[in-house]
Amino acid sequence: MPDAPTTSAPDRQITPTARHFLAALHPPVTIPGPPTPPTSAAATAGLGAPDTAAVESAVPGTSVAAAVGSAVPGTSVAAAFGSAVPDAPDAAGVGSALQRILRGPTGPGTSSLSLAGRYTPTVPDPVPPDPAEPAAGQAVPGLYYHPVPEPNPVRVEEVSRRIKAWAEDEVQLYPEEWEGQFDGFSVGRYMVACHPDAPTVDHLMLATRLMVAENAVDDCYCEDHGGSPVGLGGRLLLAHTALDHFHTTAQYTPAWHESLTSDAPRRAYRSAMDYFVRAATDSQADRFRHDMARLHMGYLAEAAWAQTEHVPEVWEYLAMRQFNNFRPCPTITDTVGGYELPADLHARPDMQRVIALAGNATTIVNDLYSYTKELNSPGRHLNLPVVIAEREQLSERDAYLKAVEVHNELQHAFEAAAADLAEACPLPSVLRFLKGVAAWVDGNHDWHRTNTYRYTLPDFW
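Residues numbered from 1 in each chain as written. Predicted model: local features only at pLDDT ≥ 70, side-chain atom pairs only at ≥ 80, totals over all residues. Heavy atoms only, no water.

A. Looking closely at the overall build of the chain. Each helix and strand in the chain was counted, giving 21 helices and zero strands. Taken over 461 residues, the chain has a buried fraction of 53%. For the chain, the share of sequence-separated contacts (at least 6 apart) that also reach a separation of at least 24 residues comes to 81%. Just so you have it, the chain exposes about 19500 Å², and 56% of that area is on carbon and sulfur atoms. (Helix = DSSP H or I, 4+ residues; strand = E, 2+ residues; numbered from the N terminus. Buried < 20%, exposed > 50% of the residue type's maximum accessible area, 1.4 Å probe, protein only. Contact = heavy atoms within 4.5 Å. Areas by Shrake-Rupley, 256 points an atom, 1.4 Å probe, with all protein chains shown as cover.)

B. How the structure looks around the confidence of the model for the chain. Counting all residues, the mean pLDDT for the chain is 79, and 70% of those residues have values of 70 or more. Across residues 1-16 the pLDDT falls below 50, and counting only partners more than four positions away or on other chains, this stretch makes 34 contacts in the model. (pLDDT = per-residue confidence, 0-100.)

C. Up close: the state of the cysteines. Overall, the coordinates contain zero disulfides when judged by the stated rule. With no disulfide partner, cysteine 220 has as its closest neighbouring cysteine sulfur the one in cysteine 222, 9.6 Å distant. (Disulfide = S-S within 2.5 Å.)

D. Representation of helix α12 (residues 264-279) within the structure. Between its first and last C-alpha, α12 extends 23 Å over 16 residues, near the 22 Å set by a 1.5 Å rise per residue. Each element contacted by the buried residues of α12 is listed here: α6 (153-170), α9 (201-222), α10 (232-240), α11 (253-259), α13 (282-308) and α15 (333-337). The backbone nitrogen of arginine 266 lies 3.0 Å from a side-chain oxygen of the residue at the head of α12, namely aspartate 263. (Expected span 1.5 Å × (residues − 1). Polar contact = N/O pair within 3.5 Å; in protein donor to acceptor, adjacent residues only side chain to side chain.)

E. Quick peek at the nonpolar core. Of all hydrophobic cores here, the largest spans 106 residues; its most connected members are Leu173, Tyr190 and Val430. At 14 residues, α9 tops the list of elements feeding residues into this core. In this structure leucine 173 touches Ala167, Phe182, Val212, Ala216, Ala264 and Ala268, once residues within four positions along its chain are discounted. (Core = buried A, V, L, I, M, F, W, Y, C linked by side-chain atoms within 4.5 Å.)

F. Local environment of unusual backbone geometry. Even without being a glycine, glutamate 309 presents a positive backbone phi close to 55°. By the secondary structure assignment, glutamate 309 is in the loop between α13 and α14 (314-323). In the Ramachandran plot, glutamine 393 falls in the positive-phi region, its phi being about 55° despite a non-glycine side chain. Mapped onto the elements, glutamine 393 comes out in the loop between α19 (384-391) and α20 (396-424). Here glutamine 393 falls in the exposed class, since its relative accessible area comes to 66%.

G. Representation of the environment of alanine 193. Looking at where alanine 193 falls in the secondary structure, it is placed in helix α8 (residues 187-194). Accessibility expressed as a relative area gives 11% for alanine 193, which makes it buried. Considering only alpha carbons, one finds alanine 193 and alanine 439, 246 residues apart in sequence, at a separation of 7.9 Å. Once residues within four sequence positions are removed from consideration, alanine 193 is found in contact with Pro151, Ala439 and Gly443.

H. Inspection of the packing of α6 against α8 at higher detail. One way to put it is that α6 packs onto α8 with a least axis distance of 8 Å and a crossing angle of 125°. It follows from the interaxial angle that α6 and α8 lie oblique. Regarding α6 and α8, the two cross each other, and that crossing is right-handed. When α6 is examined against α8, the residues Arg155, Val156, Val159, Ser160 and Ile163 are found in contact with a partner set consisting of Val187, Gly188, Arg189 and Val192. (Axes fitted to C-alpha atoms, helices over the stretch in contact; angles between N-to-C directions. Parallel < 35°, antiparallel > 145°, perpendicular 65-115°, else oblique. Left-handed = near helix turned anticlockwise from the far one by under 90°.)

I. How the structure looks around the packing of α9 against α13. It is the contact of α9 with α13, at a shortest axis distance of 12 Å, that shows an interaxial angle of 20°. What the angle tells us is that α9 and α13 run roughly parallel. For the crossing formed where α9 meets α13, the hand is right-handed. In this structure, α9 uses Leu210, Glu214, Val217, Asp218 and Cys222 to contact α13, whose residues at the interface are Phe288, Met292 and Tyr299. Class assignment of the residues belonging to the contact of α9 with α13 gives a composition of six nonpolar, no polar and two charged. (Nonpolar A, V, L, I, M, F, W, Y, C, P; charged D, E, K, R; others polar.)

So this is what it looks like as structure tokens:
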């Protein structure tokens, strides 16, 4: 599959405006009502921005609190925006344009953009099921986010069944006593919500295996299940060779091959990557390897700070989180969707900014929802509220609320950057990729909100 985009001229008639593009990404969805909003000035100041001003207020350096104050004076942020979604203007026109985008490019020279023909679904999707009941879970008050429809329960069940079989039978990922934790991760719901355009369950499994493998490395090498900052670099380097193969002499190759089965994280990395490269193009596979190297570098920075008991400045922490974050997940959205964003379009600086902001915003979501879990875990865990509290001398509550504001500004900046890129480069593969990344951002939040097995919110409201 060529890396260069098709030479046929793009259909300029489907170019959405920035506002229409954003509106079409987030159709209205009903979820359970928001919790009781905070009443104090400290709780309401700067905790979001109105959806109707999402693009206008999403300029780096613009205060989110200022945008809220000017847009809805006297209105509770949590009540007004905690679960709000923008109305979709010009729904018929935008919808028909997006349908053309989501079908992928058509016409001479565009068939190479589709990967869907590589798969024959082993479990075809039946007639769409009745809508599932909304899952339980409370959103962080004041958080700017977009609700998503309930994930297709048939797909959730099938992905959950397959990933557990893979974990137990193919890679022997966990001992029997960890089974409850594996089930509680709810990875089937997670991946179905994040990849609504996946053509088949086989496509969804590409992302699901990689997600589980990445979490195995994090848990077993870094955190909950025997992880330690001591010696982490060596472990990560050897595990990375399961993704980015070691090329050496005949004498030493067998020992490396044997090492790939020596522990659960390496078995998982090797198997998940083998499935992925068989479905992806060469450029997609190399892109993923690059982003996993970024992830591992972030792990090492956090480990170094833990060893020296260093609490970074807030900006330093956010820089680390740009690498130690979810970026490898949305960056494969085209492979999971059954098409390719060509390498030169993926490498554009404005596309790289969109992907980076998406990863940064989703990772702060994780900091906010896992805050209580990490405080109750052994040792000291760095997260954004903890770093803000120490470095800016704020109470735990005020630091948490400020972290919500940081997330909101990042989320608005992501949406504005995506809309700008959609106008600047309205190629079908670019527009579909941007929609896929936005869907991943929204699905990631929904999983955190609904995963009450893992997460509970602090009592700050």
